[in-house]
Amino acid sequence: MFMQNRIIYGIDIARGSPRAKELPRYALAILKDGEVSHQSMLRRQKIFNLIQRDRPEIIAVDNIFELAADRNELLSLMERLPDGVKLVQVTGGLHPEPLVRIARKQGLFFDPKNPNDEAETCARLADLGVGHEVSLFEDITRIKVSRARSLGRGGWSQNRYARKVHGAVLQRSREIENTLKDLSREKGIRFDAVNIKGFGGYVRSEFTVYAKRGEIPIHPMASSDAQVSVRSVERDKIRYVPLKPKNPGRKFTIVGLDPGTTVGIAILSLDGDLLYLKSFRGIAPDEVVKLIAEYGKPAVIASDVTPMPGSVEKIRRSFNAVPASPGIEVSAEEKIALGKTFGYSNDHERDALTAALLTYRSYKNVFTRIEKKAPENADLELIKLHVIRGDSIEAAIEKVRAASIAPEKPGARTAPEKPEERVVDESLLKVRETVQRQGEQIQNLQDYVEELKQSLIAKDRKISKLESRLKGFKKEAYGEVRKSKEVQIRDSTIENLKKELSNKNKTVKELRRRSNKLRKIQKMEIRGEGTPVKVIAAFTKESIAETKEKYGLKPEDVVFLENPSGGGAATAQILVEAKVRAVLIPEDISHAAEETFFKGDVPVLRGIPLERAEDFAMAEPEGLKAAIDAWEKEAEAKRHKAKEDELQSLFEEYRSERRRGLV
């Protein structure tokens, strides 16, 4: 019986390839309520238009890379799918099988050369629950609220404009946060929020919601001031999740649990396929039991720690399952390596998956031997269950065979049997069954012994080769170890000495350069060719200190401030205290600095011609002396004028006091 209005799309490539220059064409089979309709030679865009119209439950293909050339293109296509539409690869997950083989197992036959037949087969297999859902996104959604446009370069109304835009982002963020809070109360969905404050509101808000995009009633939008983007978080690797079969029958599973406030659940089939992987915060134990039961009956319930936690033990007793744990501590690196192929969203899912995978690996070799030894059409699931519970392979096969012999129904006889014939027939039947059973057991044991012999021979050969190689390695290793230690010590010493020598060479070079410059200055000074002037790059404490360190700064030195702007009274005081003879400047300095130089009797001279040579300069002695004399005369006049003004002030003050009768 089919579900009402259930639509499944089966797609197969008919011509071309997604990697070719020419766009490929596809065959489409639409399975609706058991009836199939076909469309041929469709372009991919046309199929996606139909998907938007019909919103099928499943899109079934035999290879997902027939729809896309690579992972990035596949990601782009899946982002365009409507909510609730599954992309299913019917040939399997990480290790796909041929479509023809899978179809035959389900009793379906088709012409492999006919794309319409292949598309219909994909749809019918997906309808039967065959295949793996392709999962490219985590059950995590990121919502971002941001400015819809740039604030620009500014102007008179910049602050008002910024406040308006940031206010719009703030308002939209609060609306989304209130919606998410309601969703959290109703469905228990968690979310995190990060808000970046700005002038008058928010510059940006980001929400991380731990749920699928389809479960969140928030959609992308944009206004004149604010915009909202909603994106699912991409997985590192593609995850293939098996579909639930329509008629699953009795399936046994291996369940890994990570208990705590957040419970991680991983469910594997006895074939090692991942059936379910998720984590829940604050989930009750009875809900965990109900969820596990939906995927079959657990044969083993495992934990990644030893001893098994009490909460896991209670769930195990509910199913009467076999307990399992690794017995040793599993490192985080091992857990990451184990779960990398399947993918996981958080540490709880990773730990649950580790427990299930380690348990499956411990049984994998036994399961392989069961599949080789079991009779044709035997219930492999049931045989594996008996072995997990402690039976040998032979005993498990015998139990399943005995249980499969149905008891004879009353009234089914067509003619009365004689007692003697019935006894003879029953005895003969028992003997034949015993002989057949023992013959099979002997054959199985002989096969197993032969396998062990071959394995033993191969291992002996491998051990012999490894031992001979090990002897050679040991001889080489002893000599190399001795050499390597000495060489390492010497190399380290040489490297340190090289660094020390390089630093000293740099220091010597710099000192030699300074010495040459000073020697040149001294020669010019001795010959009377000019008065040396020390150049200070900027009127700052740092530049003065740098010049002092390089060339010294002593009384009667003449200095040239290459850039006199920025210096104040405190900076000028440094040169006053150094008792420099004069300060030459190319442009005006601050009033405070000039006043400090005046009070310290340091001439400040403008427009003095200089001959520059890198970090030093020369001034014509006579011109410099004349400029200094002129400054001193002007300074003396200013001082005299200041004294006259002071006496005049005192005289005026005395006359004022006389008029008032104070004197």
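Parameters and conventions
Every residue gets a number counted from 1 within its own chain, in the order that chain's sequence is written. In keeping with the model being predicted, local features are shown solely for residues with a pLDDT of at least 70 and side-chain atom pairs are shown and tallied solely at 80 or more, while totals for entire chains, interfaces and linings include all residues. Excluding hydrogens and water, the side-chain figures rest on all heavy atoms present in the structure. In this description a helix means any DSSP run of H or I spanning at least four residues, a strand means any run of E spanning at least two, and both kinds are numbered starting from the N terminus. Think of it in three bands: residues with accessible area under 20% of the maximum for their type are buried, residues over 50% are exposed, and the middle band is partly exposed, with areas taken using a 1.4 Å probe on protein chains only. Any two residues whose heavy atoms approach within 4.5 Å at even a single point are treated as in contact. Working convention: axes come from line fits to C-alpha atoms, limited for helices to the stretch in contact. Angles between N-to-C directions cover 0 to 180 degrees. Working rule for angles: under 35 degrees goes down as roughly parallel, over 145 as roughly antiparallel, 65 to 115 as roughly perpendicular, anything else as oblique. Here is the rule for handedness: rotate from the far helix to the near one, and if that takes an anticlockwise turn smaller than a right angle the crossing is left-handed, while a clockwise turn gives right-handed. Lys, Arg, Asp and Glu make up the charged group, whereas Ala, Val, Leu, Ile, Met, Phe, Trp, Tyr, Cys and Pro make up the nonpolar group; the residues left over, Gly among them, are polar. At least two DSSP bridges between two strands are needed for those strands to be called paired. This arc is built from the directions going out from the helix axis to the C-beta atoms.

Q: Looking at this model, I keep getting lost on the side chain of Lys-384. Mind explaining?
A: The residue Lys-384 is located in helix H10 (residues 380–388) in this model. Judged by relative accessible area, which is 2%, Lys-384 ranks as buried. Sequence-distant contacts of Lys-384, that is, excluding residues within four places in its chain, are made with Leu-270, Asp-271, Phe-367, Ile-370 and Glu-371.

Q: Is there a simple way to think about the packing of helix H6 (residues 285–294) against helix H7 (residues 310–319) in this case?
A: For any two helices packed against each other, one specifies the inter-axial angle together with the distance between the axes. At a minimum axis distance of 10 Å, the contact between H6 and H7 shows a crossing angle of 50 degrees. By the angle between their axes, H6 is oblique relative to H7. In this structure, H6 crosses over H7, and the sense of that crossing is right-handed. Here Val-288, Val-289, Ile-292 and Ala-293 of H6 come into contact with H7, specifically with Ile-315, Ser-318 and Phe-319. Considered class by class, the residues forming the contact of H6 with H7 number six nonpolar, one polar and no charged.

Q: Could you clarify how one ought to interpret the sheet that holds strand S11 (residues 252–258) in this entry?
A: Hydrogen bonds along the backbone pair up the strands of a sheet, which may run parallel or antiparallel. Strand order in the open sheet formed by five strands is S13-S12-S11-S14-S15, with mixed pairing between adjacent strands. Strands with a single pairing partner mark the edges of an open sheet, and in this sheet they are strand S13 (274–281) and strand S15 (322–324). If you compare each strand with its neighbour and ignore which way they point, the axes differ by 25 degrees on average. Strand direction decides the pairing type here: S11 and strand S12 (residues 262–269), joined by six bridges, are antiparallel.

Q: Please clarify how H6 should be interpreted in this entry.
A: Because each turn of an α-helix spans 3.6 residues, side chains separated by three or four positions in sequence point in the same direction. Considered for burial, the residues of H6 that qualify are Val-288, Leu-291 and Ile-292. Down the axis of H6, the buried side of the element spans an arc of 100 degrees, and every buried residue falls inside it. The outward face of H6, more than 90 degrees from its buried face, is lined by the exposed residues Asp-286, Lys-290 and Glu-294. Buried residues belonging to H6 abut S11, S12, S13, strand S14 (297–302) and H7. Gly-296 occupies a position one or two residues after H6 and carries a positive phi of about 125 degrees.

What is shown is where atoms sit, not what they do.
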